Amino acid sequence: MKNFFIDLKRHFLTGISYMIPMVIAGAVIMGIARIGSSFYGVVDIWDASHAESSHALIKLFHTMDGIGGLALGLMLPFIAGFIAFSIIDRPGIVPGFVAGLLAKNMNTGFLGALVAGILAGYVVKFILEKMQLPDFAAGITAIFLAPVLGTLVTCLLMQYVVGVPLAGINKAFELWLTSMTGTNKIVLAAIIGGMVGFDLGGPVNKAAVTTAMALLTSGITTPNTAAQVAIIVPPIGLGIATLLSKKKYDESMLEAGKSSILMGLVGISEGAIPFAIESPLRVIPINVIGSALASALAVMFGANNPAPISGFYGWFTVEKWPLYVLSIFIGALFIAFANILLRKPVQELVPGQV
(Lines give C-alpha, C1' and ligand atoms only; values in the text may rest on other atoms or scores of the structure.)
Protein backbone atom coordinates (compact mmCIF):
# COMPACT_ATOMS: atom_id res chain seq x y z
CA MET A 1 0.00 0.00 0.00
CA LYS A 2 2.89 2.35 0.80
CA ASN A 3 4.36 1.77 -2.66
CA PHE A 4 0.98 2.54 -4.19
CA PHE A 5 0.90 5.99 -2.59
CA ILE A 6 4.52 6.64 -3.56
CA ASP A 7 3.60 5.78 -7.16
CA LEU A 8 0.51 7.94 -6.92
CA LYS A 9 2.60 10.93 -5.88
CA ARG A 10 4.96 10.28 -8.80
CA HIS A 11 2.00 10.24 -11.18
CA PHE A 12 0.74 13.54 -9.74
CA LEU A 13 4.17 15.14 -10.15
CA THR A 14 4.33 13.96 -13.76
CA GLY A 15 1.04 15.69 -14.43
CA ILE A 16 2.40 18.86 -12.82
CA SER A 17 5.63 18.83 -14.80
CA TYR A 18 3.77 18.68 -18.11
CA MET A 19 1.25 21.28 -16.98
CA ILE A 20 3.70 23.95 -15.79
CA PRO A 21 4.91 25.21 -19.21
CA MET A 22 1.31 25.57 -20.35
CA VAL A 23 0.38 27.46 -17.18
CA ILE A 24 3.38 29.77 -17.55
CA ALA A 25 2.46 30.52 -21.18
CA GLY A 26 -1.16 31.28 -20.32
CA ALA A 27 -0.31 33.33 -17.22
CA VAL A 28 2.30 35.48 -18.95
CA ILE A 29 0.09 36.21 -21.96
CA MET A 30 -2.87 37.01 -19.73
CA GLY A 31 -0.68 39.10 -17.41
CA ILE A 32 0.64 41.20 -20.30
CA ALA A 33 -2.90 41.78 -21.53
CA ARG A 34 -4.27 42.83 -18.15
CA ILE A 35 -1.31 45.01 -17.22
CA GLY A 36 -1.29 46.65 -20.66
CA SER A 37 -5.02 47.36 -20.61
CA SER A 38 -4.77 48.86 -17.12
CA PHE A 39 -2.67 51.71 -18.56
CA TYR A 40 -5.73 52.66 -20.62
CA GLY A 41 -8.06 52.53 -17.64
CA VAL A 42 -9.56 49.17 -18.59
CA VAL A 43 -9.84 46.80 -15.62
CA ASP A 44 -12.15 44.22 -17.20
CA ILE A 45 -10.30 43.47 -20.43
CA TRP A 46 -11.84 39.98 -20.45
CA ASP A 47 -15.33 41.44 -20.98
CA ALA A 48 -16.73 40.56 -24.40
CA SER A 49 -17.59 44.19 -25.14
CA HIS A 50 -13.90 44.98 -25.67
CA ALA A 51 -13.80 42.70 -28.70
CA GLU A 52 -15.59 45.49 -30.60
CA SER A 53 -13.50 48.32 -29.17
CA SER A 54 -12.48 51.05 -31.61
CA HIS A 55 -9.10 51.20 -29.88
CA ALA A 56 -6.77 48.75 -31.63
CA LEU A 57 -4.63 48.05 -28.56
CA ILE A 58 -7.63 47.44 -26.32
CA LYS A 59 -8.97 44.97 -28.88
CA LEU A 60 -5.54 43.31 -29.07
CA PHE A 61 -5.28 43.07 -25.28
CA HIS A 62 -8.77 41.51 -25.18
CA THR A 63 -7.67 38.91 -27.73
CA MET A 64 -4.46 38.20 -25.80
CA ASP A 65 -6.40 37.78 -22.56
CA GLY A 66 -8.64 35.26 -24.31
CA ILE A 67 -5.62 33.34 -25.61
CA GLY A 68 -4.10 33.24 -22.14
CA GLY A 69 -7.41 32.11 -20.68
CA LEU A 70 -7.69 29.41 -23.33
CA ALA A 71 -4.27 28.07 -22.33
CA LEU A 72 -5.15 28.14 -18.63
CA GLY A 73 -8.44 26.42 -19.43
CA LEU A 74 -6.40 23.38 -20.47
CA MET A 75 -4.94 23.03 -16.97
CA LEU A 76 -7.28 20.31 -15.74
CA PRO A 77 -7.20 18.25 -18.95
CA PHE A 78 -3.38 18.48 -18.92
CA ILE A 79 -3.16 17.26 -15.32
CA ALA A 80 -5.58 14.39 -15.87
CA GLY A 81 -4.11 13.41 -19.24
CA PHE A 82 -0.53 13.25 -18.06
CA ILE A 83 -1.37 11.55 -14.77
CA ALA A 84 -2.95 8.82 -16.90
CA PHE A 85 0.11 8.91 -19.16
CA SER A 86 2.36 8.36 -16.14
CA ILE A 87 0.28 5.35 -15.09
CA ILE A 88 -0.05 3.53 -18.41
CA ASP A 89 1.90 5.54 -21.02
CA ARG A 90 0.36 6.79 -24.30
CA PRO A 91 -2.86 4.70 -24.25
CA GLY A 92 -3.96 6.66 -21.19
CA ILE A 93 -3.58 10.15 -22.67
CA VAL A 94 -6.87 10.36 -24.59
CA PRO A 95 -9.09 9.00 -21.78
CA GLY A 96 -7.24 11.22 -19.30
CA PHE A 97 -7.60 14.39 -21.37
CA VAL A 98 -11.28 13.82 -22.14
CA ALA A 99 -12.10 12.96 -18.52
CA GLY A 100 -10.12 16.01 -17.36
CA LEU A 101 -12.12 18.22 -19.71
CA LEU A 102 -15.30 16.68 -18.33
CA ALA A 103 -14.07 17.39 -14.80
CA LYS A 104 -13.57 21.02 -15.81
CA ASN A 105 -17.01 21.30 -17.40
CA MET A 106 -18.62 19.71 -14.35
CA ASN A 107 -16.94 22.25 -12.08
CA THR A 108 -15.17 19.62 -9.99
CA GLY A 109 -11.93 21.59 -9.73
CA PHE A 110 -8.43 20.18 -9.65
CA LEU A 111 -9.44 17.44 -7.22
CA GLY A 112 -11.80 16.16 -9.88
CA ALA A 113 -8.97 16.29 -12.42
CA LEU A 114 -6.80 14.18 -10.12
CA VAL A 115 -9.56 11.60 -9.84
CA ALA A 116 -10.10 11.72 -13.61
CA GLY A 117 -6.41 11.05 -14.29
CA ILE A 118 -6.22 8.21 -11.79
CA LEU A 119 -9.41 6.60 -13.09
CA ALA A 120 -8.31 6.92 -16.71
CA GLY A 121 -4.87 5.47 -16.03
CA TYR A 122 -6.04 2.47 -14.06
CA VAL A 123 -9.07 1.77 -16.25
CA VAL A 124 -6.84 1.67 -19.33
CA LYS A 125 -4.27 -0.41 -17.45
CA PHE A 126 -7.00 -2.92 -16.56
CA ILE A 127 -8.15 -3.07 -20.18
CA LEU A 128 -4.64 -3.68 -21.51
CA GLU A 129 -3.91 -6.37 -18.92
CA LYS A 130 -7.21 -8.23 -19.03
CA MET A 131 -8.33 -8.00 -22.65
CA GLN A 132 -5.88 -10.35 -24.33
CA LEU A 133 -6.63 -10.75 -28.03
CA PRO A 134 -4.96 -13.23 -30.43
CA ASP A 135 -1.53 -12.19 -31.66
CA PHE A 136 -2.77 -11.11 -35.10
CA ALA A 137 -5.19 -8.62 -33.44
CA ALA A 138 -3.09 -7.63 -30.43
CA GLY A 139 -2.47 -4.10 -31.72
CA ILE A 140 -6.19 -3.36 -31.74
CA THR A 141 -6.29 -3.25 -27.96
CA ALA A 142 -3.87 -0.34 -27.64
CA ILE A 143 -5.09 1.75 -30.59
CA PHE A 144 -8.82 1.02 -30.47
CA LEU A 145 -10.17 -0.72 -27.37
CA ALA A 146 -8.09 1.16 -24.79
CA PRO A 147 -8.91 4.71 -25.95
CA VAL A 148 -12.56 3.96 -26.73
CA LEU A 149 -13.46 1.87 -23.68
CA GLY A 150 -11.08 3.78 -21.43
CA THR A 151 -12.64 7.13 -22.35
CA LEU A 152 -16.18 5.84 -22.08
CA VAL A 153 -15.78 4.05 -18.74
CA THR A 154 -13.77 6.86 -17.14
CA CYS A 155 -16.18 9.57 -18.24
CA LEU A 156 -19.21 7.60 -17.08
CA LEU A 157 -17.59 7.19 -13.67
CA MET A 158 -16.82 10.92 -13.59
CA GLN A 159 -20.34 11.82 -14.67
CA TYR A 160 -22.24 9.63 -12.25
CA VAL A 161 -19.85 9.04 -9.34
CA VAL A 162 -17.67 12.14 -8.95
CA GLY A 163 -19.41 15.05 -10.64
CA VAL A 164 -22.90 14.81 -9.23
CA PRO A 165 -21.90 14.78 -5.53
CA LEU A 166 -19.51 17.70 -6.06
CA ALA A 167 -22.22 19.67 -7.86
CA GLY A 168 -24.49 19.09 -4.86
CA ILE A 169 -21.79 20.27 -2.47
CA ASN A 170 -21.25 23.35 -4.63
CA LYS A 171 -24.93 24.28 -4.51
CA ALA A 172 -25.13 23.67 -0.76
CA PHE A 173 -22.21 26.01 -0.13
CA GLU A 174 -23.83 28.75 -2.21
CA LEU A 175 -27.01 28.53 -0.15
CA TRP A 176 -25.02 28.46 3.09
CA LEU A 177 -23.02 31.55 2.18
CA THR A 178 -26.14 33.45 1.19
CA SER A 179 -27.79 32.65 4.50
CA MET A 180 -24.79 33.99 6.45
CA THR A 181 -24.89 37.55 5.16
CA GLY A 182 -26.29 38.90 8.41
CA THR A 183 -23.63 37.39 10.69
CA ASN A 184 -20.50 39.01 12.04
CA LYS A 185 -18.57 40.52 9.14
CA ILE A 186 -15.15 39.37 10.25
CA VAL A 187 -16.27 35.78 10.85
CA LEU A 188 -18.03 35.78 7.48
CA ALA A 189 -14.91 37.16 5.80
CA ALA A 190 -12.74 34.46 7.38
CA ILE A 191 -15.14 31.71 6.26
CA ILE A 192 -15.29 33.03 2.70
CA GLY A 193 -11.52 33.49 2.61
CA GLY A 194 -10.96 29.94 3.80
CA MET A 195 -13.36 28.54 1.21
CA VAL A 196 -11.74 30.51 -1.62
CA GLY A 197 -8.31 29.27 -0.55
CA PHE A 198 -9.42 25.67 -0.19
CA ASP A 199 -9.55 24.29 -3.73
CA LEU A 200 -8.16 27.12 -5.89
CA GLY A 201 -10.79 27.52 -8.56
CA GLY A 202 -12.68 24.34 -7.68
CA PRO A 203 -16.31 24.03 -6.62
CA VAL A 204 -15.84 25.35 -3.07
CA ASN A 205 -13.83 28.32 -4.34
CA LYS A 206 -16.34 29.07 -7.10
CA ALA A 207 -19.29 28.79 -4.72
CA ALA A 208 -17.79 31.45 -2.46
CA VAL A 209 -16.61 33.77 -5.24
CA THR A 210 -19.79 33.50 -7.32
CA THR A 211 -22.03 34.16 -4.34
CA ALA A 212 -19.87 37.05 -3.17
CA MET A 213 -20.00 38.66 -6.60
CA ALA A 214 -23.75 38.08 -6.86
CA LEU A 215 -24.27 39.88 -3.55
CA LEU A 216 -22.70 43.02 -5.05
CA THR A 217 -25.95 43.62 -6.94
CA SER A 218 -27.62 43.97 -3.55
CA GLY A 219 -24.99 46.42 -2.32
CA ILE A 220 -23.35 43.84 -0.02
CA THR A 221 -19.58 44.24 -0.50
CA THR A 222 -18.04 42.46 2.49
CA PRO A 223 -18.15 38.97 0.94
CA ASN A 224 -16.63 40.29 -2.29
CA THR A 225 -13.84 42.06 -0.42
CA ALA A 226 -13.01 38.84 1.41
CA ALA A 227 -13.17 36.73 -1.75
CA GLN A 228 -11.01 39.02 -3.90
CA VAL A 229 -8.31 39.11 -1.21
CA ALA A 230 -8.32 35.33 -0.79
CA ILE A 231 -8.12 34.63 -4.53
CA ILE A 232 -4.57 35.94 -4.75
CA VAL A 233 -3.06 35.16 -1.35
CA PRO A 234 -2.16 31.44 -1.92
CA PRO A 235 -0.33 31.84 -5.26
CA ILE A 236 1.60 34.87 -4.02
CA GLY A 237 2.45 33.21 -0.70
CA LEU A 238 3.61 29.94 -2.26
CA GLY A 239 5.61 31.84 -4.86
CA ILE A 240 7.33 33.82 -2.11
CA ALA A 241 8.13 30.54 -0.33
CA THR A 242 10.08 29.33 -3.38
CA LEU A 243 12.01 32.60 -3.52
CA LEU A 244 12.91 32.57 0.17
CA SER A 245 13.77 28.87 0.45
CA LYS A 246 15.14 27.59 -2.85
CA LYS A 247 16.77 24.56 -1.20
CA LYS A 248 13.39 23.16 -0.23
CA TYR A 249 11.98 22.99 -3.76
CA ASP A 250 13.14 21.17 -6.89
CA GLU A 251 13.58 22.92 -10.23
CA SER A 252 10.05 22.29 -11.46
CA MET A 253 8.52 23.78 -8.31
CA LEU A 254 10.87 26.77 -8.41
CA GLU A 255 9.62 27.48 -11.93
CA ALA A 256 6.04 27.01 -10.74
CA GLY A 257 6.75 29.56 -8.00
CA LYS A 258 7.70 32.24 -10.52
CA SER A 259 4.50 31.82 -12.50
CA SER A 260 2.51 31.51 -9.26
CA ILE A 261 3.46 35.04 -8.16
CA LEU A 262 2.56 36.49 -11.56
CA MET A 263 -0.75 34.63 -11.61
CA GLY A 264 -1.53 35.84 -8.11
CA LEU A 265 -0.81 39.46 -8.99
CA VAL A 266 -3.20 39.34 -11.93
CA GLY A 267 -5.89 37.56 -9.91
CA ILE A 268 -5.54 33.89 -10.86
CA SER A 269 -5.62 31.56 -7.85
CA GLU A 270 -4.84 28.48 -9.97
CA GLY A 271 -1.16 29.41 -9.80
CA ALA A 272 -1.04 27.62 -6.44
CA ILE A 273 -2.45 24.34 -7.80
CA PRO A 274 0.93 22.67 -8.51
CA PHE A 275 1.88 23.11 -4.85
CA ALA A 276 -1.49 21.85 -3.60
CA ILE A 277 -1.23 18.76 -5.80
CA GLU A 278 2.35 18.06 -4.77
CA SER A 279 1.61 18.17 -1.04
CA PRO A 280 -2.14 18.55 -0.38
CA LEU A 281 -2.16 17.60 3.31
CA ARG A 282 0.20 20.44 4.15
CA VAL A 283 -0.50 23.09 1.54
CA ILE A 284 -4.31 23.06 1.53
CA PRO A 285 -4.76 23.69 5.31
CA ILE A 286 -2.11 26.42 5.21
CA ASN A 287 -3.83 28.03 2.22
CA VAL A 288 -7.16 27.96 4.04
CA ILE A 289 -5.74 29.56 7.19
CA GLY A 290 -3.69 32.16 5.31
CA SER A 291 -6.59 33.13 3.06
CA ALA A 292 -8.98 33.33 6.01
CA LEU A 293 -6.48 35.47 7.94
CA ALA A 294 -5.98 37.92 5.07
CA SER A 295 -9.71 38.23 4.34
CA ALA A 296 -10.60 38.76 8.00
CA LEU A 297 -7.89 41.41 8.40
CA ALA A 298 -9.03 43.30 5.31
CA VAL A 299 -12.61 43.47 6.56
CA MET A 300 -11.51 44.23 10.13
CA PHE A 301 -9.38 47.13 8.84
CA GLY A 302 -12.41 48.52 7.03
CA ALA A 303 -11.20 47.92 3.48
CA ASN A 304 -13.97 47.77 0.91
CA ASN A 305 -13.71 46.36 -2.62
CA PRO A 306 -16.93 47.05 -4.54
CA ALA A 307 -15.67 45.55 -7.81
CA PRO A 308 -15.16 41.89 -8.79
CA ILE A 309 -11.45 42.48 -9.38
CA SER A 310 -8.66 40.76 -7.44
CA GLY A 311 -5.58 41.67 -9.52
CA PHE A 312 -3.16 44.42 -8.54
CA TYR A 313 -4.59 46.75 -11.21
CA GLY A 314 -7.74 47.08 -9.11
CA TRP A 315 -6.10 47.58 -5.72
CA PHE A 316 -5.99 51.34 -5.88
CA THR A 317 -9.74 51.61 -6.41
CA VAL A 318 -10.38 49.88 -3.08
CA GLU A 319 -11.47 51.98 -0.14
CA LYS A 320 -8.54 52.03 2.35
CA TRP A 321 -6.36 50.29 -0.23
CA PRO A 322 -3.11 50.47 1.82
CA LEU A 323 -4.74 48.33 4.53
CA TYR A 324 -6.20 46.06 1.85
CA VAL A 325 -2.74 45.48 0.37
CA LEU A 326 -1.26 45.03 3.86
CA SER A 327 -3.79 42.27 4.56
CA ILE A 328 -2.81 40.48 1.36
CA PHE A 329 0.87 40.80 2.28
CA ILE A 330 0.31 39.41 5.81
CA GLY A 331 -1.70 36.43 4.53
CA ALA A 332 0.86 35.68 1.82
CA LEU A 333 3.75 35.83 4.29
CA PHE A 334 1.92 33.47 6.64
CA ILE A 335 1.51 30.95 3.82
CA ALA A 336 5.14 31.38 2.75
CA PHE A 337 6.70 30.93 6.18
CA ALA A 338 4.34 28.14 7.26
CA ASN A 339 5.26 26.13 4.17
CA ILE A 340 8.97 26.81 4.63
CA LEU A 341 8.90 25.74 8.29
CA LEU A 342 7.02 22.52 7.59
CA ARG A 343 9.05 21.48 4.56
CA LYS A 344 12.39 19.67 4.45
CA PRO A 345 15.20 20.57 2.04
CA VAL A 346 15.00 18.60 -1.21
CA GLN A 347 18.15 16.59 -0.49
CA GLU A 348 16.67 15.37 2.81
CA LEU A 349 13.45 14.09 1.33
CA VAL A 350 12.81 10.37 1.38
CA PRO A 351 10.32 8.48 -0.82
CA GLY A 352 6.77 9.30 0.13
CA GLN A 353 7.77 12.38 2.13
CA VAL A 354 7.39 16.04 1.09
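Criteria and cut-off values
Residues numbered from 1 in each chain as written. Predicted model: local features only at pLDDT ≥ 70, side-chain atom pairs only at ≥ 80, totals over all residues. Heavy atoms only, no water. Helix = DSSP H or I, 4+ residues; strand = E, 2+ residues; numbered from the N terminus. Buried < 20%, exposed > 50% of the residue type's maximum accessible area, 1.4 Å probe, protein only. Contact = heavy atoms within 4.5 Å. Areas by Shrake-Rupley, 256 points an atom, 1.4 Å probe, with all protein chains shown as cover. Phe/Tyr/Trp six-rings, centres within 6.5 Å; stacked < 30°, edge-to-face > 60°. Core = buried A, V, L, I, M, F, W, Y, C linked by side-chain atoms within 4.5 Å. Axes fitted to C-alpha atoms, helices over the stretch in contact; angles between N-to-C directions. Left-handed = near helix turned anticlockwise from the far one by under 90°. Salt bridge = Lys/Arg side-chain N within 4 Å of Asp/Glu carboxyl O. pLDDT = per-residue confidence, 0-100. Expected span 1.5 Å × (residues − 1). Patch = residues over 30% accessible without salt bridge, like charges linked within 9 Å, V, L, I, M, F, W, Y side chains within 5 Å. Bend = angle between axes of the 7 residues up to and from the residue.

1. Some thoughts on the overall build of the chain
Then comes step 1: Scanning the chain for helices and strands turns up 13 helices and zero strands.
Then comes step 2: Going from N to C terminus, the chain has its helices and strands arranged as α-α-α-α-α-α-α-α-α-α-α-α-α.
Then comes step 3: Taking all 354 residues of the chain together, the buried fraction comes to 53%.
Then comes step 4: Contacts spanning at least 24 positions in sequence make up 73% of the contacts within the chain whose residues lie at least 6 apart.
Then comes step 5: Of the roughly 15500 Å² that the chain leaves accessible, carbon and sulfur atoms contribute 71%.

2. Points about the packing of aromatic side chains
Then comes step 1: Under the definition given, this model contains eight aromatic pairs.
Then comes step 2: Ring centres of Y18 and F82 lie 4.1 Å apart, and the angle between their planes is 5°; on these two criteria the pair is classed as stacked. One end of the pair, Y18, is in helix 1 (residues 2-38); the other, F82, is in helix 3 (residues 75-88), and 64 residues separate them in sequence.
Then comes step 3: Judged by centre distance (6.1 Å) and plane angle (80°), the rings of Y249 and F275 are edge-to-face. Of the two residues, Y249 is situated in the loop between helix 9 (222-244) and helix 10 (251-265) and F275 in helix 11 (residues 273-278); the sequence distance between them amounts to 26 residues. Grouping residues by exposure puts Y249 and F275 together as buried.
Then comes step 4: Through successive ring pairs, a cluster of aromatic residues spans Y18, F78, F82, F85 and F97.

3. Thoughts on the nonpolar core
Then comes step 1: Core analysis: the biggest nonpolar cluster contains 74 residues, and M75, I79, F110, V196, I277 and I328 have the highest contact counts within it.
Then comes step 2: No other element matches helix 9, which puts 11 residues into this core.
Then comes step 3: Ignoring anything within four residues of it in the chain, the contact list for I277 reads F12, I16, I79, F110 and L114.

4. Some thoughts on the packing of helix 9 against helix 10
Then comes step 1: Between helix 9 and helix 10, the shortest axis-to-axis distance is 7 Å and the interhelical angle comes to 145°. The chirality of how helix 9 crosses helix 10 is left-handed. Here helix 9 contributes I232, P235, I236, G239, I240, T242 and L243 to the contact with helix 10, which in turn contributes M253, L254, G257, S260, I261, G264 and L265.

5. Re the pattern of salt bridges
Then comes step 1: Here the structure, examined in full by the defined rule, presents three salt bridges.
Then comes step 2: The closest approach of N and O atoms between R10 and D7, which form a salt bridge, is 3.4 Å. With R10 and D7 both in helix 1, this residue pair falls three residues apart, about one helical turn.
Then comes step 3: On the basis of relative accessible area, R10 is assigned to the partly exposed category, the value being 43%.
Then comes step 4: A salt bridge links E255 to K258; the nearest nitrogen and oxygen atoms lie 3.1 Å apart. Of this pair, E255 and K258 both sit in helix 10, three residues apart, roughly one helical turn.
Then comes step 5: When its relative accessible area of 53% is taken as the criterion, K258 is described as exposed.

6. Quick word on the confidence of the model for the chain
Then comes step 1: Residues at a pLDDT of 70 or more form 88% of the chain, whose mean pLDDT is 85.
Then comes step 2: Per-residue pLDDT, averaged within each element of the chain, yields its smallest value for helix 8 (residues 203-215) (76) and its largest for helix 13 (residues 321-341) (96).

7. Section: the side chain of T154
Then comes step 1: Along the polypeptide, T154 turns up in helix 6 (residues 138-179).
Then comes step 2: Here T154 falls in the buried class, since its relative accessible area comes to 0%.

8. Topic: helix 13
Then comes step 1: Taking 1.5 Å per residue, 21 residues should reach 30 Å; helix 13 reaches 30 Å between its end C-alpha atoms and fits that length.
Then comes step 2: Listing the buried residues of helix 13 in full gives Y324, S327, I328, G331, A332, I335, A336, A338, N339 and I340.
Then comes step 3: Buried residues belonging to helix 13 abut helix 9 and helix 12 (280-300).

9. Observations regarding a nonpolar patch on the surface
Then comes step 1: Residues I289, L293, L323, L326, F329, I330 and F334 make up a contiguous nonpolar surface patch of roughly 540 Å² in combined accessible area.
Then comes step 2: Elements with a minimum of two residues in the nonpolar patch: helix 12 and helix 13.
Then comes step 3: The biggest single contributor to the nonpolar patch is helix 13, with five residues.
Then comes step 4: Structurally, L326 can be placed in helix 13.

10. A few points about helix 9
Then comes step 1: With 23 residues, helix 9 extends 33 Å from end C-alpha to end C-alpha; this agrees with the ideal 33 Å at 1.5 Å per step.
Then comes step 2: Of all the bends in helix 9, the greatest reaches close to 30° and is centred on V233; the proline P234 follows between one and four positions later.
Then comes step 3: For helix 9, the buried fraction is high: 21 of the 23 residues fall into the buried class.

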